[in-house]
Amino acid sequence: MPTNFTVVPVEDTEGDSNGAAAAGDSKPISLGNIFGKEDDEDNLEGPHSGDDSQRESSPFISSDDDRDQYDGKNMALFEEEMDRNPMVSSLLSKLANYTNLTQGVREHEEDEYEDGVRRVTVMVNQMGTFIGVYLPCMQNILGVILFLRLTWIVGTAGILGSFAIVSMCCICTLLTAISMSAIATNGVVPAGGAYYMISRSLGPEFGGAVGLCFYLGTTFAGSMYILGTIEILLTYIVPTATLFEAQSKESEGVAMLNNMRVYGTCCLLLMALVVFVGVKYVNKLALVFLACVVLSIMATYAGVIRTVIEPPEFNVCLLGNRSLKNEKFETCAKTEIVKNNTVTTKLWALFCDSDYPNATCDEYFNLNNLTEIQAVPGLLSGVIKDNLWGDYGPAHMVIEKKKQFSVPAQDMSDDINKPYVFNDIATYFTLLVGIYFPSVTGIMAGSNRSGDLRDAQRSIPIGTIMAILTTSFIYISFVVMFGACIEGVVLRDKFGDSVKKNPVIGVLAWPSPSVIVIGSFFSCCGAGLQSLTGAPRLLQAIARDGIIPFLEIFGHGKANGEPTWALLLTVGICEIGILIASVDAVAPILSMFFLMCYLFVNLACAVQTLLRTPNWRPRFKFYHWTLSFLGMSLCLSLMFISSWYYALVAMTIAGCIYKYIEYRGAVKEWGDGIRGLSLNAARYALIRLEEAPPHTKNWRPQLLVLCKLNSDLMVKHPRLLSFTTQLKAGKGLTIVCSVLEGTYMTRGNDAKTGEQNLKAAMAAERTKGFSHVVVASNLRDGFSLLIQSAGLGGMKHNAVLMAWPAGWTEARDSSARRNFIETVRETTEAHQALLVAKNIDHFPGNQERLKEGTIDVWWIVHDGGMLMLLPFLISQHKVWRKCKMRIFTVAQMDDNSIQMKKDLQMFLYHLRLDAVVEVVEMHDSDISAFTYEKTLVMEQRSQMLKQMQLSRTEREREAQLIHDRNTASHSTMNDKASGATPDRVHMTWTKDKLVNERNKHREGMGVKDMFNMRPEWENLNQTNVRRMHTAVKLNEVVVKKSKNSQLVLLNMPGPPQNKKGDENYMEFLEVLMEGLDRVLLVRGGGMEVITIYS
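Every chain begins its residue count from 1, and numbering advances along the sequence as written. Predicted model: local features are reported for residues with pLDDT of at least 70 only, side-chain atom pairs are reported and counted for 80 or more only, and whole-chain, interface and lining totals are derived from all residues. Neither water nor hydrogens contribute to the side-chain values; these are computed over all heavy atoms in the structure.

## Focus: a nonpolar patch on the surface
The patches reported here contain residues having more than 30% relative accessible area and no salt bridge. Joining distances are 9 Å for like charges and 5 Å for nonpolar side chains (Val, Leu, Ile, Met, Phe, Trp, Tyr). For every accessible area listed, the method is Shrake-Rupley and the probe measures 1.4 Å; residues are considered covered only by the protein chains on display. Whenever Lys or Arg places a side-chain nitrogen within 4 Å of a carboxyl oxygen from Asp or Glu, that contact is recorded as a salt bridge. Together, Leu-636, Phe-640, Trp-644, Tyr-645, Leu-648 and Met-651 give the surface a local cluster of nonpolar side chains, amounting to about 580 Å² of exposed area. Per the convention used, a helix needs a DSSP run of H or I reaching at least four residues, while a strand needs a run of E reaching at least two, with both numbered from the N terminus. Breaking the nonpolar patch down by element, the ones donating at least two residues are α23 (625–642) and α24 (644–664). The biggest single contributor to the nonpolar patch is α24, with 4 residues. As for its position among the elements, Tyr-645 is in helix α24.

## Points about the packing of helix α8 (residues 150–184) against helix α17 (residues 456–485)
Relative orientation and spacing of two packed helices are given, respectively, by the angle between their axes and the distance between those axes. To obtain each axis, a line is fitted to C-alpha atoms, and for helices this fit is confined to the stretch in contact; angles are then taken between N-to-C directions over 0 to 180 degrees. One way to put it is that α8 packs onto α17 with a least axis distance of 9 Å and a crossing angle of 170°. Classified by the angle their axes make, α8 and α17 are roughly antiparallel. A breakdown of the residues in the contact of α8 with α17 according to their chemical character gives 22 nonpolar, 8 polar and no charged. Note that the term roughly parallel is reserved for angles under 35 degrees, roughly antiparallel for angles over 145, roughly perpendicular for angles of 65 to 115, and oblique for everything else. The classification used treats Ala, Val, Leu, Ile, Met, Phe, Trp, Tyr, Cys and Pro as nonpolar, Asp, Glu, Lys and Arg as charged, and all other residues, Gly among them, as polar.

## Looking at the packing of aromatic side chains
Any two of the Phe, Tyr and Trp rings considered here, Trp counted by its six-membered ring, make a pair once their centres fall within 6.5 Å; the pair's planes then place it as stacked at under 30 degrees, edge-to-face at over 60, or tilted in between. The final tally for this structure, using the stated rule, is 26 aromatic pairs. An aromatic cluster of three or more residues is present, and its members are Trp-348, Phe-351, Tyr-364, Phe-365, Tyr-420 and Phe-422. Charges are assigned to positions over rings by a cutoff of 6 Å between ring centre and Lys NZ or Arg CZ, combined with an angular limit of 35 degrees from the ring normal. Above the ring of Tyr-420, the side-chain terminus of Arg-322 is found at 4.9 Å from the ring centroid. If you follow Lys-334 out to its NZ or CZ, it ends over the ring of Phe-365, 4.6 Å from the centre.

## Looking at the state of the cysteines
Cysteine sulfur atoms are paired as a disulfide whenever they come within 2.5 Å of each other. This model, assessed by the stated rule, comprises 2 disulfides. Paired through a disulfide, Cys-317 and Cys-332 show a sulfur-sulfur distance of 1.9 Å. Judged by the sign of its S-S torsion, about 75°, the bond between Cys-317 and Cys-332 is right-handed. With a gap of 15 residues between them, Cys-317 in strand β6 (residues 315–319) and Cys-332 in the loop between β7 (322–323) and β8 (335–338) connect regions that are remote in the sequence. For the pair Cys-317 and Cys-332, one class covers both residues: buried. Here Cys-352 is linked by a disulfide to Cys-361, with a sulfur-sulfur distance of 1.7 Å. Judged by the torsion about the S-S bond (105°), the Cys-352/Cys-361 disulfide is right-handed. Neither residue differs from the other here; Cys-352 and Cys-361 are each classed as buried. Along the protein chain, the cysteines engaged in disulfide bonds are linked according to the scheme 1-2, 3-4 when indexed in sequence order. Not part of a disulfide, Cys-525 finds its nearest cysteine sulfur in Cys-267, a span of 5.7 Å. Here's how the labels work: a residue is buried when its accessible area is under 20% of the maximum for its type, exposed when over 50%, partly exposed in between, all with a 1.4 Å probe on protein chains only.

## Thoughts on the sheet that holds strand β10 (residues 370–374)
Pairing in this open sheet of 3 strands is antiparallel, and the strands run β7-β6-β10 from one edge to the other. The sheet is open, and its two borders are formed by β7 and β10, each paired with just one other strand. The rule for pairing is simple: two strands pair if DSSP sees at least two bridges between them. One ladder, built from 5 bridges, connects β6 with β10; its direction is antiparallel. Bridging from a neighbouring strand, Leu-318 pairs with Thr-371 of β10.

## Some thoughts on helix α22 (residues 583–611)
For a helix, the expected span equals 1.5 Å multiplied by the number of residues minus one. With 29 residues, α22 should reach 42 Å at 1.5 Å per residue; the first-to-last C-alpha distance of 42 Å fits that figure. Across the 29 residues of α22, 27 count as buried, placing the element largely inside the fold. Of the residues that open α22, the one with a side-chain oxygen 3.3 Å from the backbone nitrogen of Asp-584 is Ser-582. Within two residues after α22, Arg-612 carries a phi angle of roughly 55°, on the positive side. Pairs of N or O atoms are called polar contacts if they sit within 3.5 Å, as long as, within protein, a hydrogen donor faces a hydrogen acceptor (for residues adjacent in sequence, only side-chain-to-side-chain pairs).

## Section: helix α31 (residues 897–910)
Look at α31: 20 Å from first C-alpha to last across 14 residues, which is about the 20 Å you get at 1.5 Å a residue. At its buried positions, α31 is contacted by β16 (854–859), α30 (866–875), β17 (884–891) and β18 (916–921). Following α31 by one or two positions, Arg-912 has its phi on the positive side, about 60°. Two residues form a contact once any of their heavy atoms are found within 4.5 Å.

## What to know about the sheet that holds β17
If you walk across this open sheet you meet the 10 strands as β13-β12-β11-β14-β15-β20-β19-β16-β17-β18, and the pairing is mixed. Both edges of this open sheet fall to β13 (770–776) and β18, since each of them pairs with a single strand only. Across the sheet, the mean angle separating the axes of adjacent strands is 20° when strand polarity is ignored. As defined by bridge partners, β17 adjoins β18 across 6 bridges and the pair is classed as parallel. Its bridge partner lying in β18, Phe-888 is registered against Glu-918. The strands touched by helix α27 (residues 744–764) within the sheet are β12 (734–741) and β13, with β13 carrying the most contacts at an inclination of about 155°. Helix α28 (residues 779–789) contacts β11 (703–706), β12 and β13 of the sheet and is inclined by roughly 155° relative to β12.

## Re the pattern of salt bridges
Counted under the stated rule, the structure contains 21 salt bridges. The residue Asp-584 makes a salt bridge to Arg-149 at a minimum N-O spacing of 2.7 Å. One end of the pair, Asp-584, is in helix α22; the other, Arg-149, is in the loop between α7 (144–148) and α8, with 435 residues separating them in the sequence. Accessibility classification places Asp-584 together with Arg-149 in one group, the buried group. Residues Asp-391 and Arg-492 are paired through a salt bridge, measuring 3.3 Å at the closest nitrogen-oxygen approach. Placement of Asp-391 in the loop between β10 and α15 (429–436) and of Arg-492 in the loop between α18 (488–491) and α19 (504–508) is noted, with a sequence separation of 101 residues between them. Per residue, the accessibility class of Asp-391 equals that of Arg-492, and both read buried.

Given below as structure tokens:
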């Protein structure tokens, strides 16, 4: 039910110290005087503005700014925090005056306008256990099934079978009531019944799914009660009011269904109009309807006692052993003597073709005699022995008294047209369970009214459990009394055709069957009105919680909160049940929905008990998780016993609603048990993961994505997240992190904003994972911190993904270069893989589809198989699915390229990878002038960058050191043999190259003079020359083969061990990737990540 709060202030007056009396005064109290004008205006923006967020986010009632109350000096130490942490006295005052109300149910809620400000005044009704819980539960539990179907269930299933059915259902509801009592007494429960308890205990997904199932169950219950009302009207009160008449015996059932549909629809519209006009009429008539039920039950008990003294004068006419409908005849005989003449009776005319004694009659009528027996032999008659066991049968089977003698007829084809009593439907045990279960529902009536109770935590457990015990006693006693007092053929007569169209329970009642007819009629009317009143408010409560977007319109209603739109939807769904037109067909449907609701109430209690959450402190102590699990198991069993296909349909509906809320619903945090269960499961799984390192077969990249934020704290490279999604496909761990420079005290808000922007970008790119923004004194420390500490336990990253620092060459300082190189070194030291994406903004988005192309892997060195695994994972995504995989490897002079290709193809075959293999031969060649020039420019840039960072004194000292080193290197080169260098480097010269180099030499003189040195080719660091040669030659081959590829994966060489060469490392990587668009540099983590074994 919808939820509303009110606060009743306790005023201490001089003449009255009784606070309870002051609180209980009926004087209307303005909410605006309590919460203030601002809060009042906020609450009036919409029908439920602020109702959810304020109530759920705070464990107590929100307090106003009470700092003005603490002007004294006793609490000066805490005065600066009074706005966040109020005084205990203020908090206790607000809690003591807290209560809640059912929203929209009270007709005395009025809209007042004072000084142009709208204020809502609320008057509180305090009800105790008996009026507030016990009687509503009794009224909802006792109803249509008791009066219309219980006798038929006893006759069909027998006393023992009926006892089993009643016991199972009552134990199920008792266990559910125990679980519900534990939940209802665990804190203040605003009105809302089962939906509120389940949603706040199991989360919005379960709450919404089960809440809607509970709503559907309540709505179909309204259909069942209305159909019961019409069945009583057309069968027992006004049988002649039928609109559709049967043309033959076979069409009687169809005609009855059509009459039920027409009258049921009219009755539904009338009840909906009553509910729409005002709920106060329904509430005022509730006690009248309950009085009718109680009088009918008392009349039944009185009738049972009377059978001991004098059995009722109701007889049943049997032809052979077959029961006959006696509404069309009075005398149970074939002939009778009238004025000394033997004449045929009206019964004769029903079986013979004329009234004459020599008429042709039915064969079975000729072979068997008529017998008249008492319909109610009485409590001491011993009929209980005959009714112990069940008597099931197919549809249209004649109801027979088994121990009665009869002569069977050869031809029974015309039996359908004779006045026998037939089974209208096939009967079996599981069907009876589904039909009976609605008679024990209604145990939530007390919790639905929790807002009206004086002490809900005391009243709900006592009232509900006492009501269940009382009704269980009534049902079980009725089962025994019906079986002990009424003849079996009468019990199996569902509509009382054999007792002159009286309800079978009415035959037993005293003083007249009319008591039962009138009582059951008004009982069904009242129950139908209660369902049409409660169901729309339940739907309104779900809609106002905002967990199901498409239901938001049903959260609105009239000015006083009446759920008009929800009522219209309820009437529409209820009409579906009316069109089914059969109580027996509708009952199993609502049984499914109620059983599912009770199942999740038990689950909620069990989960909370097992988790032992600190907030789980119910005042009701007589519960245990085993009882909850037993109740949950019993509910599930009853669902499939009643109707397995209805059970599957109900579970499918709940599952679809659950998934819809999970993906499209609003995000709610209610401190539910499922979240606690997830935390426990996560903790257990993390501990298990740490017990042993992951096996190669289970290895997948668990990514730490180093994402950069711009000056507006927005993600600078969103395609990095797109590529993460394509690589991970939602599997494994993904942690998206960023670093802000500064201190957390000054940039704490920026960190939170950046994290929100990261989450938004991840949602936009469909990246499933975690986001985190840290603040560090510098980027280097931040990256180091994340690489070391990101993740938890066994769920730690094993690979780092980052974008290539494209602007490092234009940067005035070398921080970007240093950060990148140190990140490479730290990932290597941490044995983590590293993925570096060049031109990440050119990578395809998640919405793009590459129609063709290749993913080229250049396998230079083996570093654990990352280069093999990554393209396979990427190609699983729909963006890259149509791209072919090619693997290139490099053969040296001494390698057998043909054998290498065969071996690689066999290796890929064992790895179950589909790829084209190509071996590229790279012969030893002379180092070109281009390579030397690249090396020269690289070293000059490095020297220049160093020089720009030195002071004047240091600059002169550094220039002298460089000059001395170059001179010494030149002297050493001249002393060596001119044939070769230690590294066997050969220079290839042509005339054109010589002219070009001389021109470049002249242009570069300004730089050389600045450093006071002569950087000639012979003076270059030969290690740099060889590395540049490798980069240039490899780049030429890669560009030649893979220039048009969609993605190129390359082995990433590690930085030099000597940090003096760091400034050249980036140059080598730039040369290696030059001329390529999308490149992914891959550096393994030092462990095998792919295996040929299963």
